[in-house]
Amino acid sequence: IHELILEAFNEYFGALKHDLAGALGKVSFTSDLWSNSKLRPFMAITAHWIAREKHSLALVLRAVLIAFH
């Protein structure tokens with residue numbers, strides 16, 4: 001199962017790199033830090049960019065979770 005997880009991870013980030021390379025302009029990264037009521041810390045990193053809709057001239061906002069810990 002470990003190999004399947006790594007394979008899925010590599011496929012996901014390969015597709016993500018392809019999507020990010022096609023961004024129209026800059027890619028913005030955001031982060032957020034917080035803790036729960038028991039003071040357990042959490043962190044999230046997201047990316048946002050503008051892309052063209054497939055088979056269209058329409059522009060769309062893309063957003064993806066890069067990391068969560």
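Since we're looking at a predicted model, the values are computed, not measured.

1. Considering the pairing of strand 3 (residues 59-68)
Bridge count for strand 2 (residues 41-52) against strand 3 is 9 bridges, and the pairing is antiparallel. If you follow A44 over to strand 3, its bridge partner there is F68.

2. Points about the packing of aromatic side chains
Per the stated rule, a full pass over the model turns up 5 aromatic pairs. Here the aromatic rings of W34 and F68 are separated by 6.0 Å at their centres, their planes lie at 45°, and the arrangement is tilted. Placement of W34 in strand 1 (residues 28-35) and of F68 in strand 3 is noted, with a sequence separation of 34 residues between them.

3. Focus on the environment of S31
With respect to the helices, strands and loops of the structure, S31 is situated in strand 1. For the pair S31 and A47, spaced 16 residues apart in sequence, the C-alpha to C-alpha distance is 9.0 Å. Those residues in contact with S31, other than ones at most four positions away along the chain, are A44 and I45.

4. Comments concerning the nonpolar core
In this structure, L16, A23, A47, W49, A51, V60 and V64 together form the largest nonpolar core, which totals 7 residues. When residues of this core are traced back to their parent elements, those giving at least two are strand 2 and strand 3. L16 has contacts with W49, V64 and I66, leaving out every residue within four places of it along the chain.

Basis of the calculations
Residues numbered from 1 in each chain as written. Predicted model: local features only at pLDDT ≥ 70, side-chain atom pairs only at ≥ 80, totals over all residues. Heavy atoms only, no water. Pairing = 2+ DSSP bridges. Helix = DSSP H or I, 4+ residues; strand = E, 2+ residues; numbered from the N terminus. Phe/Tyr/Trp six-rings, centres within 6.5 Å; stacked < 30°, edge-to-face > 60°. Contact = heavy atoms within 4.5 Å. Core = buried A, V, L, I, M, F, W, Y, C linked by side-chain atoms within 4.5 Å. Buried < 20%, exposed > 50% of the residue type's maximum accessible area, 1.4 Å probe, protein only.

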